[in-house]
Amino acid sequence: MDNSTIYVRERGNLRRVSDIVLAQPKPVSSCRRTNPFVLRKEHFIFTYNAEGSLRYTTKSLFDITLLFVADNIHHVDSLVGFPDQIGDRLFAAAEENRVFLNADISSKALQLFSDAYGEMVLGSLCLRNRFPLLHERMNEIKTFHSLKSLDLFGCRLGDDHEIFQHLTSSSLASLKQLSIGGNKLSDVGLQRLTAPIRMLRKGLDCLQLLDVSYNPISVRALRYITCFPKLENLDVSGTSLKLGTGLKTNIWDLLGLIYSEESLDSFDHSRCKTEGWAEQVVNQWETNNSQMPEQKKIDESRTSALRFFGRQKFVRDVLNAAPLVCESEEEAKRERLHFFRPAANSHIPQKETPSTTTNQQGKPSWHNIKKRQRQSERRDSSSQSPPTKRLPSSALTAEDLDLLNNY
């Protein structure tokens, strides 16, 4: 097959396939005869019988075909429609052949499986304090578009990182849990992250849990989080926010969340794991990176970082920075600021909703917000300018417009 033409029958039509170079067979042993009719060794399974004699059995045609497709996975157009059982075995065969360690074809191969099998390839990804892995495998990580949980705690993202645009794209529409704590993310960074959502009204529609702890954010950042309509749990521990009646009132009025006296189990790191077919692939990436020669790994990492970020001083500061860790468990527990959305039939204390009146204590504050919106709409209707062409002042600012131009 090295020099012959390849034809493919597709939907009843026979077509010629050009410019496809199949993977070369594995190198054979030097003691093997050059007779072309000698069967390939990898097509047999060698075992020993009870007497200790060597015996072999042939592999099934399915297994032989599976290995052939795994070796040439970068030539496959689509796996959509193939049963999950075949996809699982094909992914395992490609992983065994270390296909996903090849930077030239790993992204295309993972995209192929993600398009066909979605969440089964990877439904949860934990990169907590694994900044080198995030940097080295950014292209591959972007192919996991069916994630429901993503932990980027301590990945040194800063205020302007490439992954921000990926988080707010349609690729992660199913994401429910996001942890971006410990990344030196300020109000400006959170504004930049949520700008596409607040302006274009799409992205992270299903987000239910958000962890922005141990970031230098202030009360101003709370209004940027209001763009998540289904947010139920929020962690702002270790930030510039201080627990008090004012903070509880602001978070309740803006987000409809109340303070939790006890730490929420949903923010426990032990619950975040990498789950899916690609779990071992992620481990292979990290193991392969750690086995590189130390000096070569440092040089390549610094060179790639300079090319990736484009700012030498910033990269030098990032690479030399120490990962964020809590000083002690007692301090971490003392500074826990967890907020959650109460049940619909639960009673909200009066101190949590000071905007309610005595005859409206059972109603949450979003009723009053709707009233204010209707009143403002009536005032706007009396003016000459049509309301459809106007946006709330809190939605678009000069900084937001600059960000929109960047996108």
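It should be noted that the structure appears before, not after, this text.
Given the structure is predicted, the values throughout are model-derived calculations rather than measurements. (Residues numbered from 1 in each chain as written. Predicted model: local features only at pLDDT ≥ 70, side-chain atom pairs only at ≥ 80, totals over all residues. Heavy atoms only, no water.)

Novice: How do you make sense of the overall build of the chain when you look at a structure like this?
Specialist: Along the backbone of the chain there are 15 helices and 11 strands. Sequence separation of at least 24 residues holds for 73% of the intrachain contacts in the chain that already meet a minimum separation of 6. Element-wise, carbon and sulfur atoms account for 50% of the exposed surface of the chain, whose accessible area totals about 24,700 Å². (Helix = DSSP H or I, 4+ residues; strand = E, 2+ residues; numbered from the N terminus. Contact = heavy atoms within 4.5 Å. Areas by Shrake-Rupley, 256 points an atom, 1.4 Å probe, with all protein chains shown as cover.)

Novice: Can you help me understand the side chain of H338 in this one?
Specialist: Inspection of the secondary structure puts H338 in strand 11 (residues 338-340). Note on H338: relative accessible area 2%, which makes it buried. At 3.4 Å, the side chain of H338 and the side chain of D235 are in polar contact. At 3.0 Å, the side chain of H338 and the backbone nitrogen of L264 are in polar contact. Aside from chain neighbours lying at most four places away, what touches H338 is L234, D235, S237, I258, Y259, S260, S263, L264 and F267. (Buried < 20%, exposed > 50% of the residue type's maximum accessible area, 1.4 Å probe, protein only. Polar contact = N/O pair within 3.5 Å; in protein donor to acceptor, adjacent residues only side chain to side chain.)

Novice: Is there a simple way to think about helix 9 (residues 245-255) in this case?
Specialist: Because each turn of an α-helix spans 3.6 residues, side chains separated by three or four positions in sequence point in the same direction. Taken together, the buried positions of helix 9 are L247, K248, T249, I251, W252 and L255. Just downstream of helix 9, G256 is the residue with a positive phi angle, here 75°.

Novice: Before we go on, may I ask you to explain the pairing of strand 1 (residues 6-10) in this structure?
Specialist: Regular strands place their side chains on alternate faces of the sheet. Bridge count for strand 1 against strand 2 (residues 13-17) is five bridges, and the pairing is antiparallel. In the strand pairing of strand 2, E10 is matched with N13. The antiparallel pairing of strand 1 with strand 2 creates a hairpin that spans two residues between the two strands, and R11 there sits at a positive phi of about 55°. (Pairing = 2+ DSSP bridges.)

Novice: I tried to follow the state of the cysteines on my own but got confused; where do I start?
Specialist: Chemically, a disulfide is nothing more than a covalent bond linking the sulfur atoms of two cysteines. Throughout the structure, instances matching the rule amount to zero disulfides. For the unlinked cysteine C126, the closest cysteine sulfur is that of C272, found at 3.8 Å. For C126, a relative accessible area of 9% gives the class buried. C126 supplies the cysteine sulfur nearest to C155, a cysteine that is in no disulfide, at a spacing of 8.7 Å. Residue C155 is classed as buried on the basis of its relative accessible area of 0%. (Disulfide = S-S within 2.5 Å.)

Novice: Help me understand the pattern of salt bridges, please; the structure alone is not making it clear to me.
Specialist: A side chain with one charge can pair with a side chain of the opposite charge if their charged atoms come near. Under the counting rule described, the total for this entry stands at six salt bridges. Among the ionic pairs, E162 bridges to K142, the shortest N-O distance being 2.5 Å. Of this pair, E162 sits in helix 6 (residues 162-167) while K142 sits in the loop between helix 5 (138-141) and strand 6 (149-151), placing them 20 residues apart in sequence. (Salt bridge = Lys/Arg side-chain N within 4 Å of Asp/Glu carboxyl O.)

Novice: Please explain the packing of aromatic side chains as it appears in this structure.
Specialist: For the structure shown, the criterion picks out seven aromatic pairs. Ring geometry for F100 and F113: centres 6.3 Å apart, planes at 65°, overall edge-to-face. Here the residue F100 occupies a position in the loop between helix 2 (84-96) and helix 3 (106-117), and F113 occupies one in helix 3, the gap between them amounting to 13 residues. For the pair F100 and F113, a shared accessibility class is recorded, and that class is buried. One aromatic cluster is present, built from ring pairs that chain together F91, F100, F113, Y117 and W277. (Phe/Tyr/Trp six-rings, centres within 6.5 Å; stacked < 30°, edge-to-face > 60°.)

Novice: Hey, could you run me through the packing of helix 1 (residues 61-71) against helix 2 in this one?
Specialist: Two measures define how a pair of helices packs: the angle their axes make with one another and the distance between the axes. Where helix 1 meets helix 2, the closest approach of the two axes is 9 Å, and the angle between their N-to-C directions is 60°. Considered as vectors, helix 1 and helix 2 are oriented oblique to each other. Crossing of helix 1 against helix 2: the hand is right-handed. Note on element contacts: helix 2 touches helix 1 through I86, R89, L90, A93 and A94, opposite F62, D63, L66, V69 and A70. Partitioning the contact of helix 1 with helix 2 into residue classes produces eight nonpolar, no polar and two charged. (Axes fitted to C-alpha atoms, helices over the stretch in contact; angles between N-to-C directions. Parallel < 35°, antiparallel > 145°, perpendicular 65-115°, else oblique. Left-handed = near helix turned anticlockwise from the far one by under 90°. Nonpolar A, V, L, I, M, F, W, Y, C, P; charged D, E, K, R; others polar.)

Novice: Is there a simple way to think about the packing of helix 2 against helix 3 in this case?
Specialist: Helix 3 packs onto helix 2 with a crossing angle of 160° between their chain directions and a minimal axis gap of 11 Å. The angle between the axes of helix 2 and helix 3 places the two elements in the roughly antiparallel class. Along this stretch, helix 2 crosses helix 3, giving a crossing that reads as left-handed. Contact residues: helix 2 offers D84, G87, L90 and F91, while helix 3 offers L110, F113 and Y117. Broken down by class, the residue content of the contact of helix 2 with helix 3 amounts to five nonpolar, one polar and one charged.

Novice: Where do I start with the sheet that holds strand 7 (residues 177-179) in this structure?
Specialist: For sheets, the rule is that strands pair by backbone hydrogen bonds, running either parallel or antiparallel. Pairing is mixed in the open sheet, where seven strands are placed in the order 5-6-7-8-9-11-10. Across the chains shown, the open sheet's two edge strands, defined by having one partner strand only, are strand 5 (124-126) and strand 10 (258-259). By the bridge criterion, two bridges tie strand 10 to strand 11 in an arrangement that is antiparallel. Bridge assignment links Y259 to a residue of strand 11, and that residue is F339.

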